[in-house]
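Listed below are the residues making up each chain.
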Amino acid sequence: MNLKLHKPLCVFDLETTGTNIGKDRIVEICILKVNPDASRESKTWRVNPEMPIPKESSAIHGIYDDDVAEAPTFREIAPKIMAMIKDSDLGGFNSNRFDIPVLAEEMLRADVDFDLSKHRFVDAQTIFFKKEPRNLGAAYQFYCGKTLENAHSAEADVMATFEVLDAQVGKYEDVPNEIAELSDFSTQNKFADLAGMIHFDDSGQEIFAFGKYKGQKVKDVFQKDLGYYGWLQNADFPLYTKKIFTKIQLKSRF
């Protein structure tokens, strides 16, 4: 294994009802947990999303309403997922922009306080796009010399993603094998939230990236316009973004 791990790395992949981070739900999740000693374990769950799966989404991942009618809801399996990823770093393919934000939303809906600050994130797609701009199937062929069979199956994708990530570390001398440095390398933009609605200014302060207060410090806005915080909490924003707003609002009171 080319990766040098100091704690477990959980590589995961989601199949969902769609691509809206705030509204769509998970229908399948697979987690491959790789330990520092290179031992591995994997778990795959089908999930009842408690909403119809659009036909266009089913056409991609092959999971239909009948396939998950008797499956557990995310709330039911959330404790098992947390037990698996606890004290681990998180990896995936396009995970920083999609899988991790969606997972965070599902955890918060299930009343699980998912604290992303306890994990480092490694996105194999970001590394791939920096080095060889293509998709997962091409990455698997390029780095591993294999054809990705059963693409858009969570299990097939997550297994391929780990092999690609490990091969990337072995191929490029300037791609670090330590998760801390690899996390920095695979991160394109650093936001305070996951949806990119709260940016950082040059001094590291959270600022709005949208709306009438765009570019202004969030804490300053909350101090002068508390009603705006209330509007944000009632508006159609992702739950994790609202959580960050609440954290800033509480700090702004002191």
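As shown above, the structure is provided for reference.
Residues numbered from 1 in each chain as written. Predicted model: local features only at pLDDT ≥ 70, side-chain atom pairs only at ≥ 80, totals over all residues. Heavy atoms only, no water.

S.K.: Explain the packing of helix α4 (residues 95-109) against helix α11 (residues 239-252) to me, please; I cannot follow it from the model alone.
M.R.: Packed helix pairs are characterised by how far apart their axes lie and by the angle those axes make with each other. The geometry of α4 relative to α11 is characterised by a closest axis approach of 8 Å and an angle of 75 degrees between their N-to-C directions. When the interaxial angle is binned, α4 and α11 end up roughly perpendicular. Across from Ala104, Glu105, Leu108 and Arg109 in α4, the residues of α11 making contact are Leu239, Tyr240 and Lys243. The residue inventory of the contact of α4 with α11, partitioned by class, reads four nonpolar, no polar and three charged. (Axes fitted to C-alpha atoms, helices over the stretch in contact; angles between N-to-C directions. Helix = DSSP H or I, 4+ residues; strand = E, 2+ residues; numbered from the N terminus. Parallel < 35°, antiparallel > 145°, perpendicular 65-115°, else oblique. Contact = heavy atoms within 4.5 Å. Nonpolar A, V, L, I, M, F, W, Y, C, P; charged D, E, K, R; others polar.)

S.K.: Please clarify how the sheet that holds strand β1 (residues 9-16) should be interpreted in this entry.
M.R.: Where strands meet in a sheet, backbone hydrogen bonds hold them as pairs that are either parallel or antiparallel. The five strands lie next to each other as β3-β2-β1-β4-β5, forming an open sheet whose pairing is mixed. In this open sheet, the two strands that pair with only one neighbour each are β3 (40-46) and β5 (121-123). Put simply, the sheet's adjacent strands are angled 20 degrees from each other on average, direction ignored. Sheet topology note: the strand β4 (residues 89-92)/β5 ladder contains three bridges and is parallel. (Pairing = 2+ DSSP bridges.)

S.K.: Help me out: how do you make sense of the nonpolar core in this one?
M.R.: Soluble, globular proteins show a tendency: their nonpolar side chains are buried together. With 46 residues, the main nonpolar core has Ile29, Phe74 and Phe208 as its most contacted residues. Of all the secondary-structure elements, those providing two or more residues to this core are β1, β2 (26-34), α3 (74-85), α4, α9 (218-224), α10 (226-234) and α11. When residues in this core are grouped by element, the largest group, seven residues, is from α4. Apart from the residues within four sequence positions on either side, Ile29 is in contact with Phe12, Asp13, Leu14, Lys43, Thr44, Trp45, Val47, Ile77, Ile81 and Leu103. Core analysis: the second largest hydrophobic core is formed by 30 residues, Phe93, Ala167, Tyr172 and Leu182 among them. (Core = buried A, V, L, I, M, F, W, Y, C linked by side-chain atoms within 4.5 Å. Buried < 20%, exposed > 50% of the residue type's maximum accessible area, 1.4 Å probe, protein only.)

S.K.: What am I meant to see in unusual backbone geometry here?
M.R.: With the exception of glycine, most residues fall at negative phi, and the peptide bonds are largely trans. One non-glycine residue, Asp111, lies in positive phi territory at about 65 degrees. Along the chain, Asp111 turns up in the loop between α4 and β5. Relative accessible area serves as the criterion here: at 63%, Asp111 is assigned to the exposed category. One non-glycine residue, His152, lies in positive phi territory at about 75 degrees. Considering the arrangement of structural elements, one finds His152 in the loop between α6 (136-144) and α7 (154-171).

Worth remembering: the numbers are spatial, not functional.
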